[in-house]
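# Topology and contacts: notes
Spelled out, the chains give:
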Protein chains: 2
Amino acid sequence: MILSKSCEYAIRAAVYIAYKSHKNEKAGIAEIADAIGSPMHFTAKILQDLSRRRLLSSVKGPHGGFYVEDDRSLYLLDIIRAVDGNDLFSACVLGLKQCSDAQPCPLHEQMLPIRNQLLIEFGKKSVNELVRDFEQKKYFLK
Amino acid sequence: MILSKSCEYAIRAAVYIAYKSHKNEKAGIAEIADAIGSPMHFTAKILQDLSRRRLLSSVKGPHGGFYVEDDRSLYLLDIIRAVDGNDLFSACVLGLKQCSDAQPCPLHEQMLPIRNQLLIEFGKKSVNELVRDFEQKKYFLK
DNA sequence: TTAATAAAAGATAAATTTGTCCTTTATTAA
DNA sequence: TTAATAAAGGACAAATTTATCTTTTATTAA
């Protein structure tokens, strides 16, 4: 799998949160988990982590919840890196420690353009863009 | 990570086994694990599975070990599918169950060419090709 | 100021992946 | 035919990922 389950939840939750923020509403964790079909407490942990990393914002208490400051500057790549790290874009596909541009594994060259493409697609895809698609009911989050 | 650890071991082991087969020798599991820097018994399980699936061959007893019938017809894609399944090439990147060509997720279109590229690269890369590189000491297996 | 609310945090557990060890079975060579 | 060898198979354990539940802390509205 390209992304971990945590990362999938993170992205889907971020889209839903941004969607709510668009309507000037915050999203509670129960609502989020329900909306994206994910385990609530597990999702909470992930979002709390994204909150700590300032990719999302949150407030406690009544009328509290998660929200995004600016979904235009929140890109999938940021979420992926925060949750799964950078391995998808840098770790050797064969698991060889020595593998590098200088001492490449036999798949290194072939993987480069693929990884770049992943970087490009995830890097240019903003949460805002996904929200617009979602608002037009182009897809579901679960 | 693109491939599981099991799958990484599988590919590296297959290359080493094919390399030995090239020299008309069989490879024992202790030797293989040593050559590719992997946990021996764990690697054994993986290879036994590949053996059952006829991607590799093996014989027990003295002068036994693993070998390949024809490394020219053994492609990385076969190994990857045997070990990790087809999810890398088909499962929705956001983990959405409903996602399909007919009802695509917002990343579906962008992922298609990337997945195709992966299919192409893994599909055209034979173990034999990696063995030739390995014999020319172009890279190491650990 | 208090009660209600909701995220944060902590502890625990289930599931999966990865890794280890021991016994059994098949094969070979002597 | 026997002893040695090496894969096959089974049971178990560690590590990681995924998931659940409870308590604590911060915030808000009344």
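Report on the accompanying structure. Only a predicted model underlies this, so the values are computations on that prediction, with no experimental measurement involved. (Residues numbered from 1 in each chain as written. Chains lettered and ligands numbered in written order. Predicted model: local features only at pLDDT ≥ 70, side-chain atom pairs only at ≥ 80, totals over all residues.)

Time to look at the overall build of chain A. The helix and strand tally for chain A stands at seven helices and two strands. Secondary structure elements of chain A, listed N to C terminal, follow the sequence α-α-α-β-β-α-α-α-α. Considering chain A as a whole, with its 142 residues, one finds that 37% of them fall into the buried category. Across chain A, the fraction of contacts at a sequence separation of at least 24, relative to all contacts at a separation of at least 6, is 66%. (Helix = DSSP H or I, 4+ residues; strand = E, 2+ residues; numbered from the N terminus. Buried ≥ 20, exposed ≤ 12 C-beta atoms within 10 Å, placed from the backbone. Contact = placed C-beta atoms within 7 Å.)

The next point concerns the protein's contact with DNA strand D. Surveying the vicinity of DNA strand D reveals 24 residues, the closest of which are Lys5(A), Pro39(A), His41(A), Gly61(A) and Gly28(B). If you list the elements that add at least two residues to the surface near DNA strand D, you get helix H1 (5–22) and helix H3 (40–52) of chain A together with helix H3 (40–52) and strand E2 (65–67) of chain B. Here the surface near DNA strand D gets four residues from one element, more than from any other, and that element is H3(B). Here the surface near DNA strand D is composed, by residue class, of eight nonpolar, 13 polar and three charged. (Near = placed C-beta within 6 Å. Nonpolar A, V, L, I, M, F, W, Y, C, P; charged D, E, K, R; others polar.)

Moving on to the relation of the copies chain B and chain A. Taken together, a rotation about one axis and a shift along it account for how the two chain copies relate. After a rotation of 180° and a shift along the axis of 0.0 Å, chain B superposes on chain A with an RMSD of 0.0 Å. What the rotation and shift describe, once combined, is the action of a two-fold rotation axis. Among all residues of chain B, the minimum C-alpha distance to the rotation axis is found for Ile2(B), at 2.7 Å. Comparing interface residues between copies, 100% of those in chain B also sit at the interface in chain A, which points to an isologous, same-surface contact. (Least-squares fit on C-alpha atoms with pLDDT ≥ 70 in both.)

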